[in-house]
Amino acid sequence: MPSKIKKFIKKDIPKLRYGIMHSRIGFNDGVSIVMEQVEKVMLQEMNIPKENIFYLVGKSKKISPQINENDIFLDNLNGNKLAVKNYSIGFGGTISEILEKEINIGKNIIEDFVKKNNIDVIIAHNTCHPVNFILSLSLSRYYRDFVKKNKKTPKYLLWWHDSHLERSQFLKPAFDVQRYLLQGVPGNFVEYIIFINSLQFKIAKSYFLNLSKVRKNFFEEISRNKDVIYNTTETFIDSFKDLKKFDNETKIFIKDFKLVDLLSEQNLNFDDLIFCLQHTRILKRKRIDFALKYCFELLNKINEKRKIKKSIYFLVSGMDTFDGSKKKIILLHKKLSYQNPNNKIILVFAEDNETSLLFEDYPRIFARLGGISTYFSEIEGFGNNLLEVLASGLIPIVYTYPVFKKDIAKYNFKLISLNKFEFSNGSINETIDILKNNRKRKIWVNMNLNTLKKYFSHEIINFKLMRAIIRKRTHK
């Protein structure tokens, strides 16, 4: 007779051993940010010892005996890259053989990781997304084989950041690819899902119903075993006046980015500059192209009225994702500069400069410099980088993407919003006003900080993650 499935209880939580999985950790992508936040909550709020938390990732920026790396799980290499490239045309025999070989290797790596570290709970990040194809299928195959043999497995929690159901380039999988998606991206062995916005379950409903054809009652089970945890943030300042604490970081920025020399070459001084931060990775859907156009339009409008500023210093703080966007942005900048010879937009990529500054330092520095931020993403799972900007005392200009409208707008953050990718006198004038009016900026910053503290603190993760861990298991 099969043994009874063990149900964890609240007092077990600090004693359990956790395996956290994803392609990367320690980078400036949204998933890495959430992973660090979750670990912080596990350590500080849930009283889980650090030695009970283990990672299995493709690549890590941090070195720790708790972190296990294997590039077979890295999103831009090997099978993952091959799967994404052939997603809509199909794998065929040769590609399937390569993928199957890697999936089998990955399954064995996971089995060894679980056994070696005696893992009780797996928290897998984005095994619902094809960029993590090998990790997702390997994990699903591991569960398939162990459940079939009635062997004990760790509880499988999925942190659903985004998926093949939410990205236009993944909406038309080839027939053989569709079979793989049902089998394990994420497949039917997931026991609890944490979504990051309230739209995702509805979007995934048809996929879950199809999984119920594979495993009876899966849809009913996952409907009970799910929750939404919005992206959260700590506030990096308590109030607007705290921005003066970042004078040292600002001096480092000015030195490392050779700002004095740059201004001299351009025949400019600091009073001529508006500082604008694009605090995202370089990716097509982030619409950095529109942000650049917005900066040119903004400077045009400012100088139509009264020539108070001569240039905008536009910094992209995130890394290149090599989707071709960076080259297009550079070419667009040259074109717009030629068309607007009297307005200087200085385009800078943080990754092209040697500095000790971290990705998360830039919003506080640009806030200290009295700057603004652009955030024109077409689509987001939630908006980690947007929260970082707000938590740093910087006022963003935002395109109201679907999740923003559904889950963020109701909190009435003080920011400048666009409903279309069009320039309007209203948004441009609001931007000019927030640049000129220091008192208004102070009021807006303090209101945003209060909203973040009230509704977006990491404490929310504590309560909901505990509930996910102790909810009754759905398989052995």
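Our subject is the structure listed above.
Residues numbered from 1 in each chain as written. Predicted model: local features only at pLDDT ≥ 70, side-chain atom pairs only at ≥ 80, totals over all residues. Heavy atoms only, no water.

**Quick look at a positive patch on the surface**
Right, on to step 1. A surface patch of like charges, here positive, comprises Lys115, Lys148, Lys149 and Lys151.
Right, on to step 2. With respect to the helices and strands, Lys115 occurs in helix 3 (residues 92–117).
Right, on to step 3. With a relative accessible area of 71%, Lys115 lands in the exposed category. (Patch = residues over 30% accessible without salt bridge, like charges linked within 9 Å, V, L, I, M, F, W, Y side chains within 5 Å. Areas by Shrake-Rupley, 256 points an atom, 1.4 Å probe, with all protein chains shown as cover. Salt bridge = Lys/Arg side-chain N within 4 Å of Asp/Glu carboxyl O. Lys, Arg positive; Asp, Glu negative; His and termini not counted. Charge placed at Lys NZ, Arg CZ, Asp CG, Glu CD. Helix = DSSP H or I, 4+ residues; strand = E, 2+ residues; numbered from the N terminus. Buried < 20%, exposed > 50% of the residue type's maximum accessible area, 1.4 Å probe, protein only.)

**Things to note about the packing of helix 13 (residues 384–391) against helix 16 (residues 438–455)**
Right, on to step 1. Closest axis-to-axis distance for the helix 13/helix 16 pair is 9 Å, and the angle between their directions is 125°. The orientation of helix 13 relative to helix 16 falls into the category oblique. Contact residues: Leu387, Leu390 and Ala391 in helix 13; Asn448, Leu449 and Leu452 in helix 16.
Right, on to step 2. The residue inventory of the contact of helix 13 with helix 16, partitioned by class, reads five nonpolar, one polar and no charged. (Axes fitted to C-alpha atoms, helices over the stretch in contact; angles between N-to-C directions. Parallel < 35°, antiparallel > 145°, perpendicular 65-115°, else oblique. Contact = heavy atoms within 4.5 Å. Nonpolar A, V, L, I, M, F, W, Y, C, P; charged D, E, K, R; others polar.)

**Brief notes about the sheet that holds strand 5 (residues 155–160)**
Right, on to step 1. Spatial strand order, 3-2-1-4-5-6-7: seven strands in an open sheet with parallel pairing. Where the open sheet ends on each side, the last strands, each with one partner, are strand 3 (67–69) and strand 7 (226–228). Within the sheet, the average angular offset between the axes of one strand and its neighbour, ignoring direction, is 20°.
Right, on to step 2. Here strand 1 (residues 18–25) runs beside strand 4 (residues 121–125); their pairing, made up of four bridges, is parallel. Pairing of Gly19 across the sheet is with Ile122, part of strand 4.
Right, on to step 3. Against the sheet, helix 1 (residues 30–44) engages strand 1, strand 2 (53–60), strand 4 and strand 5, with an angle of about 155° to strand 1. (Pairing = 2+ DSSP bridges.)

**Some details on the packing of aromatic side chains**
Right, on to step 1. Across all of its chains, the model carries 36 aromatic pairs by this definition.
Right, on to step 2. Note on Trp160 and Phe208: the rings are 5.7 Å apart at their centroids and 65° apart in plane angle, and the pair reads as edge-to-face. You can see Trp160 sitting in strand 5 and its partner Phe208 sitting in helix 6 (residues 200–214), a full 48 residues away along the chain. There is no split in this pair, since Trp160 and Phe208 are both buried.
Right, on to step 3. Ring centres 6.1 Å apart and planes at 55° place the aromatic pair Phe208 and Phe218 in the tilted group. Here the residue Phe208 occupies a position in helix 6, and Phe218 occupies one in helix 7 (residues 218–224), the gap between them amounting to ten residues.
Right, on to step 4. The class of Phe218 is buried, set by a relative accessible area of 1%.
Right, on to step 5. One aromatic cluster in this structure is built from Trp160, Phe195, Phe201, Tyr207, Phe208, Phe218 and Phe219.
Right, on to step 6. Between the NZ or CZ atom of Lys151 and the centre of the ring of Phe146, over which it lies, the distance is 5.2 Å. (Phe/Tyr/Trp six-rings, centres within 6.5 Å; stacked < 30°, edge-to-face > 60°. Lys NZ or Arg CZ within 6 Å of the ring centre and 35° of its normal.)

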